[in-house]
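# Reading the structure
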Amino acid sequence: MTFLVTGATGKVGRHVVEHLLRAGQPVRALTRDPARAALPAPVDVVRGDLTAPETLAAAFDGVVGVHLLTMGGDDYATLRTGPELAELMGKAGVQRVTLLWNGQVGPVEEAFAHSSLEWTRLQPVDFMSNALGWAPAIRAEGEVREPFADVPGGIVDEADVGAVSARVLVDGGHVGRTYALTGPQALSQRQRLDTIAQAIGRPLRLTELTERQARDRWRQAGHSEELIELLVAWQSNPPSESTTISPAVREITGRAPRSFADWVAAHADRFR
Ligand SMILES: NC(=O)c1ccc[n+]([C@@H]2O[C@H](COP(=O)([O-])OP(=O)(O)OC[C@H]3O[C@@H](n4cnc5c(N)ncnc54)[C@H](OP(=O)(O)O)[C@@H]3O)[C@@H](O)[C@H]2O)c1
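Conventions and cut-offs
Residues numbered from 1 in each chain as written. Predicted model: local features only at pLDDT ≥ 70, side-chain atom pairs only at ≥ 80, totals over all residues. Heavy atoms only, no water. Core = buried A, V, L, I, M, F, W, Y, C linked by side-chain atoms within 4.5 Å. Buried < 20%, exposed > 50% of the residue type's maximum accessible area, 1.4 Å probe, protein only. Contact = heavy atoms within 4.5 Å. Near = heavy atom within 4 Å. Polar contact = N/O pair within 3.5 Å; in protein donor to acceptor, adjacent residues only side chain to side chain. Areas by Shrake-Rupley, 256 points an atom, 1.4 Å probe, with all protein chains shown as cover. Nonpolar A, V, L, I, M, F, W, Y, C, P; charged D, E, K, R; others polar. Pairing = 2+ DSSP bridges. Helix = DSSP H or I, 4+ residues; strand = E, 2+ residues; numbered from the N terminus. Axes fitted to C-alpha atoms, helices over the stretch in contact; angles between N-to-C directions. Parallel < 35°, antiparallel > 145°, perpendicular 65-115°, else oblique. Left-handed = near helix turned anticlockwise from the far one by under 90°.

## So, the nonpolar core
One recurring pattern in soluble globular proteins: nonpolar side chains tend to sit buried together. The biggest cluster of nonpolar side chains holds 50 residues, and the ones touching the most others in it are Leu68, Leu85, Met89 and Phe112. Apart from the residues lying within four places of it in its own chain, the contact partners of Phe112 are Leu68, Gly82, Leu85, Ala86, Met89, Val97, Leu99, Leu117 and Trp119. If you look at the next biggest cluster of nonpolar residues, it comprises 20 residues, including Ala131, Ala135, Ile200 and Ala268.

Here you go:
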């Protein structure tokens, strides 16, 4: 029996793979392009596309648990193949699924809620590593531009999300539960930038964008209108799951979630 990690080449998935391997479990990884996967040797890398269920039949063979994305594309488009995925997994004898959830009930969440599989939803809102998007501007100008600069959000290290997913998949239990996943503090964009400034010993400036300027910037970056609406909603008025500090990382992994200050200390060279 093995564990299938979808999004294994991505931010959370790589950590799920690492934690499963550390727990001595066999791991299969799904990617649309095995040649670019760069996953550690014991991993069985298979090609497949979550938006095309016909590419997935073999991926679920002998699988006991699946870490599953609920998006299916490079622009966070909602994954619409939930019913097909639940059926394929049911037929293959998969027992449990962790859903990397963005808080919106879509076809994947609905399909698993009505399936006989054991499912658990993991709901991180914002990842610490998103701050790496600031690195070029910090290095070049010492300035970043963001909307909603003083709205706090409970960022989490995606390594902690990966650790939670691996524990749930291996240990079982947690059936039908939804876990918001945060670090130990909710921090605004301004507070995050101040944390980076302290770590690199250099003053940094935050220039606040209006919502309109932010929408224009995201459009220029090629984001869909659906994603832009999601970004505005998340950043201007984060869900209570984001601003309420969650005990889930500690309860499930047995250790405290990483703080943003610790994350920055480990990545400080990227901002210098
Ligand atoms: N970024 C955030 O702050 C954040 C916060 C909360 C929740 N999330 C959620 O986390 C999830 C991942 O987001 P991310 O930003 O961290 O991206 P990511 O996981 O770093 O990268 C996307 C991953 O999805 C895989 N993928 C995309 N479309 C696929 C498809 N059609 N079939 C199979 N695999 C596919 C890619 O695999 P290949 O390219 O190898 O095929 C890649 O591993 C999303 O569901 C998002 O809603 C993100």
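## Some words on the site of the ligand
Among the 21 residues in the neighbourhood of the ligand, the closest are listed as Thr9, Thr31, Arg32, Tyr76 and Asn130. Here Gly7 contributes a backbone N or O atom positioned 3.4 Å from an oxygen atom of the ligand. Taking Asn130, its side chain carries an N or O atom lying 2.6 Å from an oxygen atom of the ligand. Surface burial for the ligand is 91%, taken as the share of its 880 Å² of free accessible area covered by protein chains. Classifying every residue of the shell around the ligand gives eight nonpolar, nine polar and four charged.

## Examining the sheet that holds strand 2 (residues 27-31)
The strand order 3-2-1-4-5-6-8 describes an open sheet built from seven strands, whose pairing is parallel. Each having just a single partner strand, strand 3 (44-47) and strand 8 (178-181) make up the two edges of the open sheet. Each strand axis lies, on average, 20 degrees off the axis of its neighbour in the sheet, ignoring direction. Pairing between strand 1 (residues 2-5) and strand 4 (residues 63-69): four bridges, direction parallel. Bridge pairing in strand 4 places Leu4 opposite Val66. Running at roughly 165 degrees to strand 1, helix 1 (residues 13-22) makes contact with strand 1, strand 2 and strand 4 of the sheet.

## Here's the deal with the packing of helix 6 (residues 189-200) against helix 11 (residues 260-271)
It is the contact of helix 6 with helix 11, at a shortest axis distance of 9 Å, that shows an interaxial angle of 60 degrees. Between helix 6 and helix 11, the angle falls in the class oblique. Where helix 6 crosses over helix 11, the two elements pack in a sense that is right-handed. Touching Arg192, Thr195, Ile196, Ala199 and Ile200 of helix 6 are Phe260, Ala261, Val264, Ala268 and Phe271, all from helix 11. Grouping the constituent residues of the contact of helix 6 with helix 11 by class yields eight nonpolar, one polar and one charged.

## Some thoughts on the environment of Leu50
In this fold, Leu50 is placed in the loop between strand 3 and strand 4. Given a relative accessible area of 8%, Leu50 falls into the buried group. Each C-alpha atom of the pair Leu50 and Glu84 lies 9.8 Å from the other, and the pair is 34 residues apart in sequence. Ignoring any residue separated from it by four or fewer positions in sequence, one finds Leu50 in contact with Thr6, Leu30, Leu56, Leu68, Leu69, Met71, Leu79, Thr81 and Leu85.

Fair warning: the whole summary comes from geometry, so function is off the table for now.
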